[in-house]
Amino acid sequence: MSIGTLTVRALDPLKDAELLHSWVTHPKAAYWMMQDAKLQDVEREYMRIAAHEHHHAFVGLHDGEPAFLMESYDPRYVELVGLYEPEPGDVGMHFLVAPTDRPIHGFTRAVITTVMEELFADPRTRRVVVEPDVSNKAVHKLNEAVGFVPAREIDKPEKRALLSFCTREQFLAARGVAV
């Protein structure tokens with residue numbers, strides 16, 4: 001069974017704020033830590049990201065309809081400053097699949113694969129870095145499925161996180177592509 005077509009477009013903080021608000025405040029988005037955010041809070045946060053030189057946000061589309069959120073960041077300047085020693089070509093990543101009443105088997109794995117393909121499409125990206133909450137076992141399993149290897153737990157201001165890395169070679173190997 002085909003998942004459909006997944007694509008990514010730049011996020012428009014003003015036009016997309018209402019949609020994002022419905023996603024990040026949904027109970028399934030607890031790990032996004034915006035459960036109590038007001039629409040203006042979401043708009044302000046994504047305006048801040050849009051203005052940031054080292055942090056970017058995108059809306060993922062499923063057959064042309066918004067279905068997931070993707071963020072990329074330079075860990076030398078955002079999220080992980082002082083928490084690990086970044087290497088040249090490191091790119092940080094967050095993703096959130098929109099809540100749905102009609103789940104599609106394999107969809108979330110297809111989303112994270114699309115996100116990784118998008119990040120590795122930039123030849124400067126050598127390694128993707130993630131820092132999910134240590135208790136988010138579902139995302140750890142997904143990360144492992146696309147090639148991430150846990151490094152260690154770290155303390156961020158908002159959570160205890162599992163710092164994990166995935167090189168281009170690890171991603172391709174996880175997909176069964178010869179490297």
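In case you missed it, the structure is sitting above this.
Before going into details, it helps to say that this report is about the structure given with it. (Residues numbered from 1 in each chain as written. Predicted model: local features only at pLDDT ≥ 70, side-chain atom pairs only at ≥ 80, totals over all residues. Heavy atoms only, no water.)

**Regarding the pairing of strand E3 (residues 65–73)**
Within a regular beta strand, the side chains point alternately toward one face of the sheet and then the other, so they alternate between its two faces.
Line of reasoning, step 1. Burial within E3 is extensive, with 7 of its 9 residues counted as buried.
Line of reasoning, step 2. Bridging between strand E2 (residues 55–62) and E3 involves 8 bridges; their strand directions are antiparallel. The residue of E3 that forms the bridge with Gly60 is Phe68.
Line of reasoning, step 3. The hairpin formed by E2 and E3 contains 2 residues between the paired strands, and Asp63 there has a positive phi angle of roughly 50°.
Line of reasoning, step 4. Note that E3 and strand E4 (residues 90–97) share 6 bridges and pair antiparallel. Residue pairing across strands places Ser72 opposite Met93, the latter belonging to E4. (Buried < 20%, exposed > 50% of the residue type's maximum accessible area, 1.4 Å probe, protein only. Helix = DSSP H or I, 4+ residues; strand = E, 2+ residues; numbered from the N terminus. Pairing = 2+ DSSP bridges.)

**Observations concerning the layout of surface pockets**
Line of reasoning, step 1. Of the voids in this model, the largest pocket is the one considered here, and its volume is about 1,400 Å³.
Line of reasoning, step 2. Residue assignment for the lining of the largest pocket shows that the elements contributing at least two residues are helix H2 (39–51), E2, E3, E4, helix H3 (107–120) and helix H4 (137–145).
Line of reasoning, step 3. Here the lining of the largest pocket gets 6 residues from one element, more than from any other, and that element is H4.
Line of reasoning, step 4. In terms of residue class, the lining of the largest pocket is made up of 26 nonpolar, 8 polar and 14 charged.
Line of reasoning, step 5. There is about 400 Å³ of room inside the second largest pocket.
Line of reasoning, step 6. Lining of the second largest pocket is provided by 19 residues; of these, Asp90, Val91, Asp122, Arg124 and Thr125 occupy positions nearest its centre.
Line of reasoning, step 7. Here the lining of the second largest pocket is built from residues that sort into 6 nonpolar, 5 polar and 8 charged. (1 Å grid on protein atoms, 1.4 Å probe; cavity = no way out; pocket = protein on both sides within 12 Å on 5 of 7 lines; lining within 4 Å. Points joined across faces, edges and corners; volume = space filled by probe spheres on them. Nonpolar A, V, L, I, M, F, W, Y, C, P; charged D, E, K, R; others polar.)

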